[in-house]
Structure formats: structure tokens, C-alpha cells
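# Coordinates in review
So the chains spell out like this:
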Amino acid sequence: MLTVDDVLEQVGEFGWFQKQAFLILCLFSAAFAPIYVGIVFLAFTPDHRCRSPGVAELSRRCGWSLAEELNYTVPGPGPQGQCLRYAVDWNQSALGCLDPLAGLAANGSPLPLGPCDQGWVYDTPGSSIVTEFNLVCDDSWKVDLFQSCVNLGFFLGSLGVGYIADRFGRKVCLFTSTLISAVVGVLTAVAPDYTSLLLFRLLQGLVSKGNWTAGYTLITEFVGLGYRRTVAILFQLAFTVGLVLLSGLAYVLPHWRWLQLAVSLPVFLLVFCYWFVPESPRWLLSQKRNTQAIKIMDHIAQKNGKLPPADLKMLSLEEDVAEKLSPSFVDLFRTPNLRKYTFILMYLWFTSSVVYQGLIMHVGATGGNLYLDFLYSALVEFPASFIILVTIDRFGRRYPLAMSNLAAGLACFIMVFIPHDLSWLNIAVACVGRMGITIVFQMVCLVNAELFPTFIRGFGAGCRGNDAASSRDQGDHFARDHRGRREPAEESKTQRKQDLPSGSNIRTQRTGTRERCFAGDLVAEMRTEFFTWRDVQKP
């Protein structure tokens, strides 16, 4: 039986076609970064104080510096000085320039304080949704609601996006969600009020994660076995590139509306990539659309400058099924092993999502240079990807995953005891935690990609992102793609079984001059168990 991986071995596992598709799809990964963490710059809260009529005129008349103006007219540092003001008429002529409030307090009693009913003054050259809509003091919770809307969108859209990818194809899901996300991004930039801003943010969350999920799935289904792990990690690294570019763009464009436009308008250009990225041949085979899959494989051979195999028309899916398979949420819990790993991965996605986004939000609360702190924390994701590449074959999945979780947890625990004024130490420890949780994220993506069949791959991705609620999202790919090959020698099976403490690890071994990947026995058991169940349920 000729499989997709067999064909790719002959026409090129990572040839010109795969390289072109990889670079294009990486653009989608980078474009997702501003949606996921853009709140750091779109909703930053600068130093602020109550606007008091007459203070500016008095300050000009007396020639006060900013420090003197704050000392004379603001009740004090912290929340009191930011959310309350002296109930004083600053326009009265009796006020002097030297300690103007000294004669107003009777018998040394404190002056009465009042709310900031005249608005606020913000110490920033730029703007954010906080400064434009005055989301401070009693309304500061609305900043969290702004981010919660996109997270709620991720939550509600996860199942829908995964279902679309499995029911109608990866390509349709990718470009449809990209176009809608771009349109909603522009509408967000021109939102006239806070309510419409929340609505557009929710809509963007509903569709945007389809970009990353479908892109991840597509690129891992286009390449051969020997390159699948590498392109999966590098695709996630493109998200990090998007973070780095976002920090520079936010520095150049400190006004939130211009920044939102700058990250949304280029996304429209990605829609034109529709004619350069074909549908996944593996998905087409799972839908019994063999003719289209054969045409795409022939196209890949031509782009790579290779001749397709003579028996290409015998192409079939690794899961040998006779009927078209439709995805279902219940399929993720059909068998004991699927239930077990579905719940485990849900928990891992939830915890890593909370920690990852929490560390990003922490960067904006340290009081240091927002742009540099964000850049430093983003740069640590590069060595995190390198660590995965050099350790995954040596130590497998489970041990790096456990150690990285431990490092991230310890970093978060230590930050609780670091004084707020030691911003450099806060950032340093946060970067360690960020590196650890990035390794967890990418490792879970790989493990998650090795457990589910093609026809519920996107659905599985959606459910895990759904549980995470605020995750970077993930594209799923199944390691049972490897099982269209002939069975390896018995001693290799024994070695693999010893090498699979997590049940889903994949070890790379040398067979002659060609590198091959072998799936673990437990993963094969899950595949057999699932499709046996499907056969039993047939009428």
C-alpha cells in the first residue's frame, strides 16, 4: 500500500515545495502574535493622576517643575494619588506658589478628597485604550475584560475552528479565518467606543486561532517523517519572531489605533497566498477524495524536480478505512487510551496557557522599560526552541517536559518574594520562567500531535485550545502517519518500547543512510483500539 510518506521519500521530504509552503505558513504564525499578546501595548496603563481644573494654570504662573506640581497638588503616591484629588478650587487667587495648600487646612486637619470627576492626566507620549477610555481606578477591571473577550473567543471558537478544519479542510479553515481576522482587526482599530471594542475583540478571538492551528497542521502534513518535528518547532518559532517584531513596531507606533492598523492591514496580503498553498493530501485521503490528493502529490513532485512513483494512483491513507470519516467531539473520548491522553493534554494546555500569558502580562507590570522588557522576554524563546531540538532525541518527551514545568513553576514561585522595585531581577526570573513554559508549550504541541487520527486532528487541537481558553493554540498531527511502513526488526521494537516512558515518544534511528521515525507501541495500540471500535459500531 503506497502512503503519503512513501511518496514523499521518493519526491522529497523537504524539497522546494515544502520550503516554499513552510515560509508562507510561518507568516500566519507570526501574524497571530499581536492578537495573542497585543494587549501589553494596546492596553498599557501609564502613570496617571486626577485632572484638576486650574492646576495647569497655577503651575505655569508659579513656574513649577513636574515634580513640584505633583508634590503640591496630588494627595500622594499610589492608588490614592491616582484615583483621588484634593477638593480644592485651584482657580482661587488666594493660593500662593509656595505650599499653596498650607493655609487651607483648618487646625492641621487633612484636606477633603474627592473623586476624579474631571478625568485624568496620563504621563505618556502615546495612547492606549486605557488612556482613551479612562480604564483606571474603578474602571480598571475593564482592561481585564478586554483580554477576557479574546480568550472567550478562543474558547468558543476552538471547537468550531477544529470542526471546520476536519470537515471542510485545512486550507478553507486557514484562509477563511485569516480574512475574517484581518477585517475584524481593522474594525477594532476604528472602534468608536469601548462596547464595540469588546465585540470586535470577541469576534477576532473566535476566528484568529484557526490561522495558527490550520497552518501548523498543514505544514506537518506536507513534509516527510524526518523533518516533521523540526518544521513543527520552527513554525512555533515564527510566533516568537512575531513577538520580536511587535515590540519594535509598538515602539515606533506608540498610539494604539495606529499600532492595531499596522498589525492588521498586512494580514490581508496573506489571503493572496491561497493560490500557493494546496490542501493537505492526507486530509483529502481521509475524506476519500483520492483523485485530488494524487494531483497534489504529483504537483509536489514537479515542484521538487522529481518524478512521481509509477504506482501513485495506488495512494491511500495510513488508516485503512473504507468510508469517509466525519469528526465528532465524542471521538476524543471513545477509547480508554484516548480518554486518558485527552484529559492529560487538556490539563497541560490549561496550566501552560495560564503561566505563559501570566508571565507576558507580568512584563507590563514591572515598572521598567515596557518595550525592552517585552523584547528580552521574547528573545528567550529562541534558546528554548534550540533546547528542544537538541534534547528531544536524547531524552525523549517526558523528562524535558517535566523539568521545564518545574523550572517555570519555581520561577513563578520565586517572583512572589522579589520586591517590586527590583525590576531587573523580576524580569530575569520571569525570563527563566518564560523559557521553561515555552519548552512546555512546544513539547506539548509535539506530544499532542502524535496521538490523534487525521480526521479528528483539528478537532483535537480545538478541544485542547478550548480547555486552555487563552492558549497560543496548537495544530495537531498524528504519529500514526508512520504506520504505513513495514514493521521494523524485533530488537528495534524492544528498544523503542524501553524508550517510551510516556507512551507517545518517537525516537529517531538510523537505517542505512536514511533517517526513519518509529512510533511507540502504545500509540499503535491506540490507533488499533480506536479503529476497531469504529468497525464494531458499523451496522
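Quick note: structure is the one above.
What comes next is a walk through the structure. (Residues numbered from 1 in each chain as written. Predicted model: local features only at pLDDT ≥ 70, side-chain atom pairs only at ≥ 80, totals over all residues. Heavy atoms only, no water.)

## Some thoughts on helix α1 (residues 4-11)
Of all eight residues that make up α1, six are buried, and the element is covered over most of its length. What α1 keeps buried is the set Val4, Asp5, Asp6, Val7, Leu8 and Val11. Elements in contact with the buried residues of α1: α2 (16-37), α10 (194-222), α11 (225-252), α14 (281-286) and α15 (290-303). Looking one or two residues past α1, Gly12 carries a phi angle of roughly 120 degrees, positive in sign. (Buried < 20%, exposed > 50% of the residue type's maximum accessible area, 1.4 Å probe, protein only. Helix = DSSP H or I, 4+ residues; strand = E, 2+ residues; numbered from the N terminus. Contact = heavy atoms within 4.5 Å.)

## Focus on unusual backbone geometry
With a phi angle near 55 degrees, Asn134 is a residue other than glycine that sits in the positive phi range. With respect to the helices and strands, the residue Asn134 is situated in the loop between α7 (129-133) and α8 (141-167). Unlike most non-glycine residues, Lys288 shows phi in positive territory, near 60 degrees. Mapped onto the fold, Lys288 is located in the loop between α14 and α15.

## Looking at the side chain of Arg434
Within the secondary structure layout, Arg434 lies in helix α20 (residues 423-448). In this structure Arg434 touches Leu243, Tyr356, Leu359, Ile360, Ser377, Ala378, Val380 and Glu381, once residues within four positions along its chain are discounted.

## Remarks on the packing of helix α17 (residues 370-379) against α20
Where α17 contacts α20, the two axes come as close as 8 Å, and the packing angle between them is 35 degrees. The crossing of α17 and α20 is right-handed. Note on element contacts: α20 touches α17 through Ile427, Cys431 and Arg434, opposite Asp373, Tyr376, Ser377 and Ala378. Its residues assigned to classes, the contact of α17 with α20 comprises four nonpolar, one polar and two charged. (Axes fitted to C-alpha atoms, helices over the stretch in contact; angles between N-to-C directions. Left-handed = near helix turned anticlockwise from the far one by under 90°. Nonpolar A, V, L, I, M, F, W, Y, C, P; charged D, E, K, R; others polar.)

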